[in-house]
Amino acid sequence: MDRVDFLDLLPPGLGRLVRSGYRWQITVIPGTWGLLLRSLRSPSDNHWIASLVGALARKRLMNTCQPSTRVIVSTYPLASQALSQLRRDGSLAIPAITYLTDMSVHPLWVAPGIDAHVALHAVPAAEASALGARAVEVLGPQTSPHFGPATPELRDEARTQFDLPRRPRLALVVAGSWGVGDVTSTVDDVLATGVATPVVVCGSNAALQRALQTRPGVHAFGWVDDMADLMRACDLVIQNAGGLTSLEARAAGLPVITYRALPGHGENQCCRPGAGGLGDVGSRTRRPGPLHRGGRQSRAERGNRTRIPVGTARRADGCPRVMASPGGALLAAASALYLAPTVTALAPVRRLSGLDSLSGVGSSSRVALTFDDGPDIESTPYFIRLLEELDVRATFFVLGRMVQRHPAVARDLVSAGHEIGIHGWDHRPLRIRGPVATWRDLSRATELVRDVCEVDPTYYRPPYGVLSWSALHSAHRLGMTPVLWTTWGRDWRSRADVDSVENDVLRHLGPGGTILLHDSDCTSASGSWRATLGAVPQIISAIRHAGLEPGPLREHDIVSRA
């Protein structure tokens, strides 16, 4: 069996950025995850996620498929979305299966191109089916056979092994491999009840372990390799995220309490009381208070667990290929989603990850010519006259506030046969704007262009080329496709001149490319548009000399990999 971390299949550095960003946010501002997960539930959200993630991971994901591979099993929402894209466009010939590791099924888990979905319990199976998942089967949690109910003798041996007291009832407190959440308060609450002695697994959180080791009556461990034996030593499990440890605790016959749940993912899990392995008690308490005790499952309930037969997901050598990722699946997925649109502003990321449509790659016989930041009454008319002389049409990505100032110039662009795209209302970075402000920015600019120019814009380019989830979603709602560029003239600089603009454009220009220039200096160095104006005839001449035809994006036949 080959195990692949999906985040390692993202462009260089992005996976590491996702991990570190997720860890920082779930530690410092965990409440933002709950808000983000609740906002990503519509089918249109999934469409954008699937397109973006599929493009980012496409090449490396295909390279992981060996000739002997017979099936791919995904345990990670974004991996499922990427696999779905490959299955739907015919690039991936082997079946893809999603193993739903969560009791709460977020829409990101369900992708239309996945051949089958495997659930832990009837509750997530029903949720997945309601979301449109294909071929959903309930096969039960898959945990190591080392996890099982302990006899009194085995419990005594385990307590000796971990140097734990034999008589008190022990409560195993876990908070994931990173030891995140309000663990200290949970320990205080356990101590306050007097019902059990807390045994805490801090994972890689060395600071938490050191702090708890100074507390009387608390047994704190760092990373524990043999969780099966540690569970045999304890009488119940208290957790905050409903992850793998909860499934292992159920296999060990221990009651599970969800307490001080992590926002978003953890809270959703504990809303499924008594459903397949997260414990019969799903209490969640935001304020300090007495913990509730959970009862053990009946023998009948424990006996209902079913194992996945190895033959249902295997390669020719008898081993399944599993696409997985560490940490909370949906939380890391949300992190990747939050960060991925931003890093696509980097041209190397777009080239390495095959984001041809986002870069504006089109027909190999053409080159798209685009201008940003207009219309400007001081400069845009010169470009209109020059392009008319050169018999070239272009796409102008306009700013709403500039159209408001110079509506006649915007209409002149349309009358001259040029295409209008949206660059936003003003030129503020999207990363500092929320979803509502982003929507107002794009919709306001789009409506003004429709009123002034009597056209429906079909392309959108964000300021600085930096996308955000809110911008992607807003553009989709307005019927626009985001397009960046393959080469630019760096013509916004004060030191730019005719030769530098020409050289910068032609250095990376190839068949099917998209050129970014500026017809206004409203966000650039004063007068910088003059260098652009002087360079355009030479750029057009070089394009035609190469046997290519310059034109607007509407004639560019942009390549789509979605």
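Reading the values: the criteria
- Residues numbered from 1 in each chain as written.
- Predicted model: local features only at pLDDT ≥ 70, side-chain atom pairs only at ≥ 80, totals over all residues.
- Heavy atoms only, no water.
- Phe/Tyr/Trp six-rings, centres within 6.5 Å; stacked < 30°, edge-to-face > 60°.
- Helix = DSSP H or I, 4+ residues; strand = E, 2+ residues; numbered from the N terminus.
- Buried < 20%, exposed > 50% of the residue type's maximum accessible area, 1.4 Å probe, protein only.
- Lys NZ or Arg CZ within 6 Å of the ring centre and 35° of its normal.
- Salt bridge = Lys/Arg side-chain N within 4 Å of Asp/Glu carboxyl O.
- Expected span 1.5 Å × (residues − 1).
- Contact = heavy atoms within 4.5 Å.
- Pairing = 2+ DSSP bridges.
- Axes fitted to C-alpha atoms, helices over the stretch in contact; angles between N-to-C directions.
- Right-handed = clockwise from strand over helix to strand, strands pointing away.
- Polar contact = N/O pair within 3.5 Å; in protein donor to acceptor, adjacent residues only side chain to side chain.
- Core = buried A, V, L, I, M, F, W, Y, C linked by side-chain atoms within 4.5 Å.
- pLDDT = per-residue confidence, 0-100.
- Parallel < 35°, antiparallel > 145°, perpendicular 65-115°, else oblique.
- Left-handed = near helix turned anticlockwise from the far one by under 90°.

Visitor: How should the packing of aromatic side chains be read in this particular structure?
Guide: In this description, an aromatic ring pair is defined by two values, namely the gap between the centres and the angle between the planes. Taken as a whole, this structure holds 8 aromatic pairs when the rule is applied. Relative to Phe221, the ring of Phe162 lies with its centre 5.8 Å away and its plane at 85°, an arrangement referred to as edge-to-face. Of this pair, Phe162 sits in the loop between α6 (152-161) and β6 (170-174) while Phe221 sits in strand β8 (residues 219-221), and the two are 59 residues apart along the sequence. Accessibility expressed as a relative area gives 13% for Phe162, which makes it buried. You can call Phe221 buried: its relative accessible area is 18%. One aromatic cluster in this structure is built from Phe371, Tyr382, Phe383, Phe396 and Trp529. Between the NZ or CZ atom of Arg385 and the centre of the ring of Tyr382, over which it lies, the distance is 5.0 Å. The side chain of Arg477 reaches across the aromatic face of Trp439, ending 4.0 Å from its centre.

Visitor: What should I look at first to understand the pattern of salt bridges in this one?
Guide: Pairing of side chains with opposite charge becomes possible as their charged atoms draw close. The full count for this structure, using the stated rule, is 15 salt bridges. Across the salt bridge formed by Asp188 and Arg215, the nearest N and O atoms sit 2.0 Å from each other. With Asp188 in helix α7 (residues 183-193) and Arg215 in the loop between α8 (206-213) and β8, this pair connects stretches of sequence that are 27 residues apart. Residue Arg260 pairs with Asp189 through a salt bridge whose shortest N-O separation is 2.9 Å. Here Arg260 is found in the loop between β10 (256-258) and α11 (265-269), whereas its partner Asp189 is found in helix α7, with 71 residues between them in sequence. There is no split in this pair, since Arg260 and Asp189 are both buried. One network of salt bridges, with partners in common, ties together Arg490, Arg493, Asp504 and Arg507.

Visitor: Looking at this structure, how should I read helix α19 (residues 435-453)?
Guide: Because an α-helix completes one turn every 3.6 residues, residues spaced three or four positions apart along the sequence face the same direction. Spanning 19 residues, α19 covers 27 Å between terminal C-alpha atoms, matching the ideal 27 Å at 1.5 Å per step. Among the residues of α19, those classed as buried are Thr438, Asp441, Leu442, Ser443, Ala445, Thr446, Leu448, Val449, Val452 and Cys453. Buried residues along α19 sit against β13 (395-398), α17 (400-405), α18 (407-415), β14 (419-422), β15 (459-460) and α20 (469-477).

Visitor: How should the sheet that holds β8 be read in this particular structure?
Guide: As a general point, the strands of a sheet are linked pairwise by backbone hydrogen bonds and lie either parallel or antiparallel. Spatially, β8-β7-β6-β9-β10 is the arrangement adopted by the 5 strands of the open sheet, whose pairing is parallel. The outermost strands of the open sheet, each flanked by one partner alone, are β8 and β10. Neighbour-to-neighbour, the strand axes of this sheet turn through a mean angle of 20°, independent of strand direction. Sheet topology note: the strand β7 (residues 197-201)/β8 ladder contains 3 bridges and is parallel. Bridge assignment links Val200 to a residue of β8, and that residue is Ala220. Where α7 meets the sheet, it contacts β6, β7 and β9 (236-239), and its direction lies at approximately 160° from that of β7.

Visitor: I keep staring at helix α16 (residues 380-390) and nothing clicks. Help me out?
Guide: Within the span of α16, buried status applies to Thr380, Phe383, Ile384, Leu386, Leu387 and Leu390. Buried residues along α16 sit in contact with β12 (366-372), β13, α18, β18 (514-518) and α22 (529-545). Looking one or two residues beyond α16, the residue adopting positive phi is Asp391, at roughly 55°.

Visitor: How should the pairing of β12 be read in this particular structure?
Guide: Along any regular strand, the residues point their side chains to alternate faces of the sheet. Of all the 7 residues making up β12, 7 are buried; the element is thus mostly covered by neighbouring parts of the structure. Because side chains alternate across β12, one face comprises the buried residues Arg366, Ala368, Thr370 and Asp372, and the other comprises Val367, Leu369 and Phe371, equally buried. Note on the crossover from β12 through α16 to β13: the handedness is right-handed.

Visitor: Which parts of the structure should I look at to understand the environment of Ser520?
Guide: By secondary structure assignment, the location of Ser520 is in the loop between β18 and α22. Overall, the relative accessible area of 1% leaves Ser520 in the buried class. Distance in space between the C-alpha atoms of Ser520 and Thr380 is 6.7 Å, their sequence separation being 140 residues. With near-sequence residues (within four places) excluded, Ser520 lies in contact with Asp372, Asp373, Gly374, Asp376, Ser379, Met402 and Trp529. There is a polar contact of 2.9 Å between the side chain of Ser520 and the side chain of Asp376. For Ser520, the side chain forms a polar contact with the main-chain nitrogen of Cys522, separated by 3.1 Å.

Visitor: Before we go on, may I ask you to explain the environment of Leu369 in this structure?
Guide: Tracing the chain through its elements places Leu369 in strand β12. Distance from Leu369 to Val536, taken between C-alpha atoms, is 9.7 Å for residues 167 residues apart in sequence. With residues up to four places along the chain from it excluded, the contact list for Leu369 reads Leu387, Val392, Ala394, Thr395, Ile515, Leu517, Ile540 and Gly551.

Visitor: Is there a simple way to think about the nonpolar core in this case?
Guide: Soluble globular proteins tend to pack their nonpolar side chains together in the buried interior. Phe6, Leu369, Phe371, Tyr460, Leu517 and Val536 are the most contacted members of the largest nonpolar core, which totals 77 residues. For this core, the element with the highest residue contribution is α22, accounting for 8 residues. Residues Val199, Phe221, Ala233 and Ala251 belong to the second largest nonpolar core, which totals 23 residues.

Visitor: Is there a simple way to explain the confidence of the model for the chain in this structure?
Guide: Interpretation of the predicted coordinates at a detailed level should be avoided for regions scoring low in pLDDT. Across the chain, the average pLDDT comes to 79, with 76% of residues at 70 or higher. Confidence drops under pLDDT 50 across residues 273-335; counting only partners more than four residues distant or on other chains, this segment forms 181 contacts.

Visitor: Whenever I open this one, the packing of α19 against α20 confuses me. Can you help?
Guide: Helix-helix packing is described using two parameters, namely the angle between the two axes and the distance between the axes. Relative orientation of the contacting elements α19 and α20 amounts to 40°, with a least axis distance of 9 Å. It follows from the interaxial angle that α19 and α20 lie oblique. You can see that α19 and α20 cross each other, and the crossing is right-handed. Residue-level inspection shows Pro435, Thr438, Trp439 and Leu442 of α19 in contact with α20, the latter providing Ser470, Ala471, Ser474, Ala475 and Arg477.

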